[in-house]
Amino acid sequence: MTSSTTPNAETPASTSRVHQRFIRFALLVGMLVAGAISVWWAVETRRDFERLNAEALTAARDQAAEAAKEIDRVFRDAQKSADVVVGDLSDGKLVFTDIEARMRAEFAAHPTLDGFAIAFEPFVYDAKERLYQEYVSRKADGTLPILKGATYDYTATPGTGPDGLKTAWYYGPKNSGPMWNEPFLATGAGKVLIEYGAPFFRRDDAARVAGVVTVDYSLHDLRQLIGGLELGTTGYGVVFTNRGTFLAHPDSSRVVAGSIFDNSPGTDNAELHAAARKAIAGESIDLDFRDPVSGQEAWVLLRPIPSTGWVMGVVRWKAESGRAPEQLLRWRVSTALAAAIAFVLFVAFLVRAEHADPHRLWIVAMVFSFCCTALVVLTWWLAWGVRPLDGVPLTSSSVANRQLEVYRNTLRKAEPVYAIPTGIQISALQFPDPHSIAISGLVWQRYSESIPEEVNRGFTFPQKIIEPPVIEEVQRTRDGTDEVIISSFIVVLQQSFDPALFPFDHRAVTINLTPVELRANVVFVPDFGSYPLIAPSSLPGMNPNIRVNNWHFRGSYFSYRPEPPGPTLGLAARAERDPAPVLHMVVDAQRNFIGPFIAYLTPAVVAAGLTFALLISGRQVSGWQDLVSGLSYIAALFFVIVVAHSSLRDMVGAVGITYLEYLYIVLYCTIALVVANLFVLAHRPDAWLVQYEGNLLPKLLYWPAYTLVILVSTLLAFVYG
């Protein structure tokens, strides 16, 4: 008897082997592709970080070089003006009676000049007059008054102490030749001068000095030049002399009075000092520097100014050059996600999952569930430190003064900006509801004697709601030439808190302080000198004993937040200026998640485990009684879940769905699917879904599906939402 089988016909066994080879090949390709994507993404993230750093460093270098070049040009122009006058006086082209007209002509030709002086040796100008000088200076209104005659003996040897004679401006050039003097307070001009001096000589004896010509450059103009640099929100520029004295610095208190070689208490700036000495010697220096106060990593770029021997410095925070924290989080999680996919496919390839053996499939399912859970935990950990900053953090007086300088440059007309140092100390804080805070504490303000009396003193809380705030003046005292006003307050402020990420949500408590003065240009600045430490982690402005249930405070800082143009309130002065920076104190409060985990996560996880236990128990559902028994078990679990879920919503007070609620929503869907599976077992026991390997597929897919949905909701909430 012969066989009727066709020779080329494929048997079921051979077809199965083809399918297995195809699945194995697909697993291999998928594993390699996912692994390559993970590696590529990690490498590209690193390259992008390095590229952005390089671009920011190059831009900072260009800015430092251009600023040094511009300052050098301005100083050379002033120096040239003085040297030309020196030559004309020495060879007799400029007669003494014409020096006033000549100086005024130099002002017209050189608009950056702030002062021009010609001082004579004893009895040179007039045989009957021992000392004589003429000094023309530029006032704020553009006028050029002249000072004639000597008000003190400028030929005397300069003193060394703080009360010594300030005559180095004359004594130095006379005895040492042309030079840029150290900045000093000029007695006659009544202001600090940056001055170049050069001697001129007698017409009848070219070896004898007849006097000194000096030109002044304005500290105000230098400050405006530095303030015009595009250095980001927190970067700033400085200029210091060959002795280290600051000529320009965002902290005006350090100009002339401070030095690059000063050490802050408790810090060691030896590396910075060494770099400054090299720059003074003529080298261009790039230095990586960590600010000891704010903890920020920065570049310090030092460029010499050839005409004077001084140095231009640019400080640029590295944090501003990188991607936003949210984007870095997205890249890191995406890299981990691709790596996890590659790992799951590798395990499936390793255990030969294509054979569809239940034992092998259980291994793959458990590894998949574990990877999803690990990715959820990793996302929590990576997202924990991502905090959007509220405005521009004022981590030092340099940053604050830089922001003020930027604001001054936006003013359309010349007007004084009254910067009022303001401090706050919070002694108590509560969260009465999800949309407000109640705080009490002290606010103090420092008003200098230069602020007119008609400028209203005081502050207000524009966020106040319902009850009027209690603001009482505690004390008004004098601190040197400043008037210090200390007030206590109790106030309820409106806030905007978003609990969508519960229990990983945080609250950025913002306290807005605005001046009561509406007409004058008053801006509050942090009173940095009143705080021992200003680093956010040290919680400046917060009483360390404050405790709020279920919350802890991660940091506090002052900030300027740009405000949109508002109404002028009928005041013309307000219509002529952009909105001034508004001082905020920001307190970063983080929820303690351990308690909510125990109270709300544990019941949900236990319920999910018990539901799975019912699914894999292997009990036979052969009739109505067995079905009712299973449904009663599910109903008891459902009741526990509903009670926990309702308690969660009552506690959070959220309008929308919070993150932890996704766990309950997924659990509701899971229970519904398990109930559906019970009905199929009871009424359609011959269905393929429940017949295959003893209802294997629902059991096998339970945890992978559950953890996958939780992972997707986590990624949407924290990363891709």
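Only a predicted model underlies this, so the values are computations on that prediction, with no experimental measurement involved.

### Some remarks on the overall build of the protein
Moving on, step 1. Per the secondary structure count, the protein includes 14 helices and 22 strands.
Moving on, step 2. The long-range fraction of contacts in the protein, counting pairs at least 24 apart against all pairs at least 6 apart in sequence, stands at 65%.
Moving on, step 3. If you sum the accessible surface of the protein, you get close to 35600 Å²; carbon and sulfur atoms cover 59% of it.

### What to know about the pattern of salt bridges
Moving on, step 1. Throughout the structure, instances matching the rule amount to 23 salt bridges.
Moving on, step 2. Glu-106 is paired through a salt bridge with Arg-102; the nearest N and O atoms lie 3.1 Å apart. Linking Glu-106 with Arg-102, this pair stays in helix H2 (residues 99-109), spanning 4 residues, or about one helical turn. Arg-102 carries the same exposure label as Glu-106, and that label is buried.
Moving on, step 3. A salt bridge links Arg-446 to Asp-527, with the nearest nitrogen and oxygen atoms 3.9 Å apart. Residue Arg-446 is located in strand E15 (residues 436-447), and its partner Asp-527 is located in the loop between strand E20 (522-526) and strand E21 (551-561); the two are separated by 81 residues in the primary sequence.
Moving on, step 4. Classification of Asp-527 as buried rests on a relative accessible area of 8%.
Moving on, step 5. Beyond isolated ion pairs, a larger network of salt bridges with shared partners links Arg-446, Asp-479, Asp-482 and Asp-527.

### Let's talk about the sheet that holds strand E14 (residues 418-433)
Moving on, step 1. If you walk across this open sheet you meet the 5 strands as E17-E18-E15-E14-E20, and the pairing is mixed. Two strands bound the open sheet, and with one partner strand each, they are strand E17 (470-479) and E20. The sheet shows a mean angle of 30° between the axes of neighbouring strands, direction not considered.
Moving on, step 2. Across 9 bridges, E17 lies against strand E18 (residues 482-494) in antiparallel orientation. Residue Ile-471 lies in a different strand from E18, and its bridge partner there is Phe-489.

### Here we look at helix H7 (residues 358-384)
Moving on, step 1. Compared with the 39 Å implied by 1.5 Å per residue over 27 residues, the 39 Å span of H7 between its first and last C-alpha is a close match.
Moving on, step 2. Buried within H7 we find Val-364, Ala-365, Val-367, Ser-369, Cys-371, Cys-372, Leu-375, Val-376, Thr-379, Trp-380, Leu-382 and Ala-383.
Moving on, step 3. Residues of H7 that are buried make contact with helix H6 (325-350), helix H10 (594-616) and helix H14 (696-718).
Moving on, step 4. Its side-chain oxygen placed 3.1 Å from the backbone nitrogen of His-359, Asp-357 serves as the N-cap of H7.

### Side note on the sheet that holds strand E19 (residues 506-515)
Moving on, step 1. Read from one edge of the open sheet, 5 strands run E13-E21-E22-E19-E16, paired in antiparallel fashion. Edge positions in the open sheet fall to strand E13 (392-393) and strand E16 (459-460), since each of these has one partner strand only.
Moving on, step 2. By the bridge criterion, 10 bridges tie E21 to strand E22 (residues 582-591) in an arrangement that is antiparallel. Across the sheet, residue His-552 finds its bridge partner in E22, namely Gln-590.

### A look at the pairing of E20
Remark: a regular strand shows side chains that alternate across the two faces of the sheet.
Moving on, step 1. Judged by how many residues are buried, E20 sits mostly within the fold: 5 of 5 residues are covered.
Moving on, step 2. Alternating positions in E20 separate into two faces, Val-522, Phe-524 and Pro-526 on one and Val-523 and Val-525 on the other, with burial throughout.
Moving on, step 3. Pairing of E14 with E20 involves 5 bridges; the strand directions are parallel. Along E20, the bridge assignment pairs Ile-420 with Phe-524.

### What to know about the pairing of strand E12 (residues 310-317)
Moving on, step 1. Counting buried positions over the 8 residues of E12 gives 8, a clear majority of the element.
Moving on, step 2. Sheet analysis places strand E8 (residues 236-240) next to E12, joined by 5 bridges and oriented antiparallel. From the neighbouring strand, Gly-237 faces E12, where its bridge partner is Val-314.
Moving on, step 3. In this structure, the hairpin formed by strand E11 (residues 297-305) and E12 is closed by a connection of 4 residues, where Gly-309 is found at a positive phi of approximately 80°.

Conventions used here
Residues numbered from 1 in each chain as written. Predicted model: local features only at pLDDT ≥ 70, side-chain atom pairs only at ≥ 80, totals over all residues. Heavy atoms only, no water. Helix = DSSP H or I, 4+ residues; strand = E, 2+ residues; numbered from the N terminus. Contact = heavy atoms within 4.5 Å. Areas by Shrake-Rupley, 256 points an atom, 1.4 Å probe, with all protein chains shown as cover. Salt bridge = Lys/Arg side-chain N within 4 Å of Asp/Glu carboxyl O. Buried < 20%, exposed > 50% of the residue type's maximum accessible area, 1.4 Å probe, protein only. Pairing = 2+ DSSP bridges. Axes fitted to C-alpha atoms, helices over the stretch in contact; angles between N-to-C directions. Expected span 1.5 Å × (residues − 1). Polar contact = N/O pair within 3.5 Å; in protein donor to acceptor, adjacent residues only side chain to side chain.

Taken by themselves, the reported measurements are silent on function.
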